[in-house]
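Read off the chains here:
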Amino acid sequence: MSGSRRTRPVEAFEAIEPPGNAQLALTVLGVTVSVEALGELSGSAVLLLGLLVFLPGAAAALCTVRQTAFVAAWTALVVSTTVLARGPAGHWLDRTLMVVITIALGVASTYACGYRIRREHEMLRLRSTAAAMQRHILHPLPLVTDDVLVNGVYEPLHEDRLVGGDIYDVVDSPWGTRVLIGDVQGKGLAAVGAAFAVIGAFREAAHREPTLTALVDALDAAVVRHNSYATDTGEDERFVTALILGIDREDEVQAVNCGHVLPYLLHDGKVTSPQLDSGVPLGLSALAAEPTTVGWFGFPPHSTLVLSTDGLTETRAADGTFYPADERLTTLADRSPTALPQALYDDARAYAGHGGRHDDVAVLTVRRAQRRP
């Protein structure tokens, strides 16, 4: 299925493309001639040679080790020749120091170039590994089952992070399609660990547990186990707000809300929010006064469910006002389910502006798949 794939896949790290040897030689020659000509015109040929000292440093940032070594050797040769041939008599120590400093800077630039290239190769390996991890933690959108078509946008707060605190997944189980969207409390690597624990448990338990309540109990147990391990290693405990849906061929949806943002239902141009009892977040079931309950709401044909995390609903403008998601959804309701998540995300970003509050954002649209005769 075609659609906007907005899971923000980890982009390959692009190493700096070095210039060609001919281009480099012409550039170095041009700079040298320019400095020499300027020196002749100003009568300060020796003083202006200091400008050439920057050549190896520039090459270290852009070129290969061999190219940087060539630039360093060329600079040392030009400076040495000019200083020794034209330097004022009686200042031999100054001339010697200038030559020694030029050579030392050339050597340092060559070393720095080698270090930069090693770091680029290391980053390339790390980014490749991160891309593979991301594909396993968060499946790229869109996602399709026999029951639903799911499109969406996933944008972590920090673009260089492969996964933020927001999570989602879709599983085609023997009892219909199970959809998960959640938000891990806190940020950083510890939050990513809790996110992975929930997603892993969801993918396994969604195929095993026939009821949503049992599925939610399995997710809660996974977070509790993760917190137990986190406590042993000195990390903070986490809880996870989540919304779990069960969708089959019927015109109703089963839902368990674990302290998460309520979904929106778009139907015939109208936007409504199904009323669901809000239970405690995953990981805090021991504090619940009542057992987990399943809610039901209508999901008629040709309607669209919009699921989000609080990164959308709690987006704030510069003056502190919250983003009116329901009002904006009414305005954007004519967009296709494929285009709606990106339009909603872009609208929220525009609402917040540069001075507003931003957070991880996940927005999913769920639409029934075409029913087979």
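Points about the sheet that holds strand β6 (residues 240-247)
Phase 1 of the analysis: Taken together, the 5 strands give an open sheet; going across it, the order is β4-β5-β6-β7-β10, and neighbouring strands pair in antiparallel fashion. A single partner strand is all that each edge strand has here, and the edge strands are β4 (166-173) and β10 (295-298). Across the sheet, the axes of successive neighbouring strands diverge by a mean angle of 20°, strand direction being ignored.
Phase 2 of the analysis: With 8 bridges connecting them, strand β5 (residues 176-184) and β6 associate as antiparallel partners. Bridged to Asp 183 within β6 is Thr 241.

Let's talk about helix α9 (residues 325-332)
Residues that lie three or four places apart on an α-helix share one face, since the helix turns once every 3.6 residues.
Phase 1 of the analysis: Every buried residue of α9 is accounted for by Ala 325, Leu 329 and Leu 332. The arc enclosing the buried residues of α9, seen along the axis, measures out at 70°, which places them on a common side.
Phase 2 of the analysis: For α9, the elements touching its buried residues are β8 (264-267), β9 (270-272), β11 (304-308), α8 (310-313) and α10 (340-352).

Observations regarding the side chain of Thr 241
Phase 1 of the analysis: Counting through the fold element by element, Thr 241 comes out in strand β6.
Phase 2 of the analysis: What makes Thr 241 buried here is its relative accessible area of 14%.
Phase 3 of the analysis: Polar contacts involving the side chain of Thr 241 include one to the side chain of His 260, which spans 3.1 Å.

A word on the nonpolar core
As a rule of thumb, nonpolar side chains are buried together in soluble globular proteins.
Phase 1 of the analysis: Membership of the largest hydrophobic core comes to 51 residues, with the highest contact counts inside it found for Ile 244, Leu 245 and Leu 282.
Phase 2 of the analysis: It is helix α6 (residues 188-205) that provides the largest number of residues to this core, a total of 8 residues.
Phase 3 of the analysis: Not counting chain neighbours up to four residues away, the residues in contact with Leu 282 comprise Val 198, Val 216, Leu 219, Asp 220, Val 223, Phe 239, Val 240, Ala 242 and Cys 258.
Phase 4 of the analysis: One finds Val 153, Leu 266, Leu 329 and Ala 348 within the second-largest nonpolar core, a separate group that totals 15 residues.

Thoughts on the state of the cysteines
One covalent bond between the sulfur atoms of two cysteine residues makes up a disulfide.
Phase 1 of the analysis: Per the counting criterion, the structure on display carries 0 disulfides.
Phase 2 of the analysis: Cys 63 takes part in no disulfide bond, and the closest cysteine sulfur, belonging to Cys 113, lies 7.0 Å away.
Phase 3 of the analysis: Here Cys 113 falls in the buried class, since its relative accessible area comes to 0%.

Side note on a nonpolar patch on the surface
Phase 1 of the analysis: A cluster of nonpolar side chains, Leu 93, Leu 97, Ile 101 and Leu 105, forms an exposed patch at the surface whose accessible area comes to about 350 Å².
Phase 2 of the analysis: Residue position: Leu 97 is located in helix α5 (residues 92-137).

A word on the environment of Thr 304
Phase 1 of the analysis: Along the chain, Thr 304 turns up in strand β11.
Phase 2 of the analysis: A relative accessible area of 7% means that Thr 304 is categorised as buried.
Phase 3 of the analysis: Expressed as a C-alpha distance, the spacing of Thr 304 and Thr 365, which sit 61 residues apart in the sequence, is 6.5 Å.
Phase 4 of the analysis: Ignoring any residue separated from it by four or fewer positions in sequence, one finds Thr 304 in contact with Tyr 264, Leu 265, Leu 266, Phe 299, Pro 337, Thr 365, Val 366 and Arg 367.
Phase 5 of the analysis: Of the polar contacts made by the side chain of Thr 304, one reaches the side chain of Arg 367; its length is 3.0 Å.

Cut-offs applied
- Residues numbered from 1 in each chain as written.
- Predicted model: local features only at pLDDT ≥ 70, side-chain atom pairs only at ≥ 80, totals over all residues.
- Heavy atoms only, no water.
- Pairing = 2+ DSSP bridges.
- Helix = DSSP H or I, 4+ residues; strand = E, 2+ residues; numbered from the N terminus.
- Axes fitted to C-alpha atoms, helices over the stretch in contact; angles between N-to-C directions.
- Buried < 20%, exposed > 50% of the residue type's maximum accessible area, 1.4 Å probe, protein only.
- Arc of directions from axis to C-beta.
- Contact = heavy atoms within 4.5 Å.
- Polar contact = N/O pair within 3.5 Å; in protein donor to acceptor, adjacent residues only side chain to side chain.
- Core = buried A, V, L, I, M, F, W, Y, C linked by side-chain atoms within 4.5 Å.
- Disulfide = S-S within 2.5 Å.
- Patch = residues over 30% accessible without salt bridge, like charges linked within 9 Å, V, L, I, M, F, W, Y side chains within 5 Å.
- Areas by Shrake-Rupley, 256 points an atom, 1.4 Å probe, with all protein chains shown as cover.
- Salt bridge = Lys/Arg side-chain N within 4 Å of Asp/Glu carboxyl O.

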